[in-house]
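# Structural description and commentary
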Amino acid sequence: MISAIIVAAGSGVRAGFRENKVLRELNGLPVLSYSLSAFAPLADEMLVACREEDKTEVNALLRPYPNARTVRGGKTRGESVCSALKEAAGDVVLIHDAARPFVTDKIIRDCIASVEAFGSGVCALPSTDTAVLAQNGEVKSVPPRDEVFTVQTPQGFYRATLLTAYERALAEGAEFTDDGGLYSKYVGSPRLFLGDRANKKLTFAEDFLPAERVGFGVDTHAFYDGDEGAPLVGFITLGGVRIPSDRPLKAHSDGDVLVHALMDALLSAAGLRDIGCYFPDTDEKFRNADSMKLLAEVSRLVREAGYSVANASVSILAETPRLSPHIEEMKRNLSAALNLTENAVGIAAGTNEKLGYIGEGKGITCYATVLLK
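Below is a short write-up of the structure. Not measured: the values here are computed from a predicted model. (Residues numbered from 1 in each chain as written. Predicted model: local features only at pLDDT ≥ 70, side-chain atom pairs only at ≥ 80, totals over all residues. Heavy atoms only, no water.)

Moving on: the pattern of salt bridges. Summed over the entire model, instances satisfying the criterion amount to 15 salt bridges. With its nearest N and O atoms 3.0 Å apart, the salt bridge here joins Arg 77 to Asp 97. With Arg 77 in helix H3 (residues 77–87) and Asp 97 in strand S6 (residues 92–97), this residue pair connects regions lying 20 residues apart in the sequence. Judged on exposure class, the residue Arg 77 and its partner Asp 97 are both buried. Of the charged contacts, one joins Arg 109 and Asp 105 as a salt bridge, the two residues approaching to 2.7 Å between their closest N and O atoms. Of the two residues, Arg 109 and Asp 105 both sit in helix H4 (residues 105–118), four residues apart, roughly one turn of that helix. Take Arg 109: its relative accessible area is 48%, and that puts it in the partly exposed class. (Salt bridge = Lys/Arg side-chain N within 4 Å of Asp/Glu carboxyl O. Helix = DSSP H or I, 4+ residues; strand = E, 2+ residues; numbered from the N terminus. Buried < 20%, exposed > 50% of the residue type's maximum accessible area, 1.4 Å probe, protein only.)

In structure tokens:
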């Protein structure tokens, strides 16, 4: 029988939260919910160690799982784990920090397999950085990098063995940051198995921002067609590039339909308002405005919201003028404005096969998608 012990008795102090960080939402779900759904198919029972003040909220999250229940959390992680070990019924226990919501099915299965084969299983990753041992700000030694690992959870053991070790540690007043360290002192060298870089621990406020967000934007501008008052210019502007055209586009600003669609995609991905809110066409200060400068302002707003642009993809539908000779210059302009390499900006241009207002040469429509991180 396998018992999963999910440690959820901490707080959000380091993240600057007032509530327990594992009850805070991440991409629309409480952090704790991710661990529950990951362990439920593989564990015979799940014990969630939580604080008394969080018990009502945690129990609400456990309702879909008839094999789950709460146990009393302690003042320290060790007290919480020991309390759960005393109530667990499984021969094998898997101990996992609820603040690691991205644990995978493979990691859990590998942990179980390691316990069955070696008596223990500690999730870990080889260090990609050089580690040092230091004291009072001075480096004392530099262990070989191939011998340095960073430890994750879950960590699996036989329940009776680990419980005995915890009881000894608590009696001696010894504290450990993870179960493998305690096992190493009181039982023997635990066995490592390979973890996953995605299985990170959420510690600080920025860790709770969605990892990636997608945005979509669309904009259309009509051509002047025999209208009185049409500006006497022989070009349109797309992606900051002036392209020869016998008719200009109708617009309050410079009519850069590509940049306008891109700005809306960026603002949408960041959860902000659309460009009409920030640059209304009723405001004279934006008359004939350079859209590339407006894009710089949108980029600033996106950064202030806590995101950077990973890539952008744009599709232009226009029967006229011919755009292919200008694509590379557009890419250079946009990549510079968004602080991206040119291969992170994609621009496609096509006609509408003579159909609709685009095919009749009455206007241009542009679609844009972006990925923020």
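We now examine helix H6 (residues 179–186). Among the residues of H6, those classed as buried are Asp 179, Gly 180, Leu 182, Tyr 183 and Tyr 186. When H6 is viewed along its axis, its buried side chains cluster within an angular range of 160° and face the same direction. You can read the cap of H6 off the contacts: a side-chain oxygen lies 3.3 Å from the backbone nitrogen of Gly 180, and it is on Asp 178. (Arc of directions from axis to C-beta. Polar contact = N/O pair within 3.5 Å; in protein donor to acceptor, adjacent residues only side chain to side chain.)

Bridge count between strand S13 (residues 235–238) and strand S14 (residues 241–244): four bridges; the pairing is antiparallel. Following the sheet pairing, Ile 236 is matched in S14 by Ile 243. Remark: two residues form the turn of the hairpin made by S13 and S14, two consecutive strands paired antiparallel; Gly 239 in that turn has positive phi of roughly 60°. (Pairing = 2+ DSSP bridges.)

The contact between helix H1 (residues 31–39) and helix H2 (residues 55–62) brings their axes to 10 Å, and the two run at 40°. Considering their axes alone, H1 and H2 lie oblique with respect to each other. For H1 against H2, the interelement crossing comes out right-handed. Residues Leu 32, Ser 33 and Leu 36 of H1 touch H2, and the partners they reach there are Val 58, Leu 61 and Leu 62. A breakdown of the residues in the contact of H1 with H2 according to their chemical character gives five nonpolar, one polar and no charged. (Axes fitted to C-alpha atoms, helices over the stretch in contact; angles between N-to-C directions. Parallel < 35°, antiparallel > 145°, perpendicular 65-115°, else oblique. Left-handed = near helix turned anticlockwise from the far one by under 90°. Contact = heavy atoms within 4.5 Å. Nonpolar A, V, L, I, M, F, W, Y, C, P; charged D, E, K, R; others polar.)

Our focus in this paragraph is the sheet that holds strand S7 (residues 120–126). For sheets, the rule is that strands pair by backbone hydrogen bonds, running either parallel or antiparallel. What the seven strands build is an open sheet, ordered S5-S4-S1-S6-S10-S7-S11; its pairing is mixed. The open sheet has two edge strands, strand S5 (68–72) and strand S11 (192–194), and neither has a second partner. Neighbour-to-neighbour, the strand axes of this sheet turn through a mean angle of 30°, independent of strand direction. For S6 and strand S10 (residues 149–158), the ladder comprises four bridges, and the chain directions are antiparallel. When the sheet's bridge partners are listed, Ile 95 is paired in S10 with Gln 155. Lying on the sheet, H1 is in contact with strand S1 (2–7), strand S4 (45–50), S6 and S10; it crosses S1 at an angle near 170°. Contacting S4 and S5, H2 crosses the sheet at an angle of about 160° to S5.

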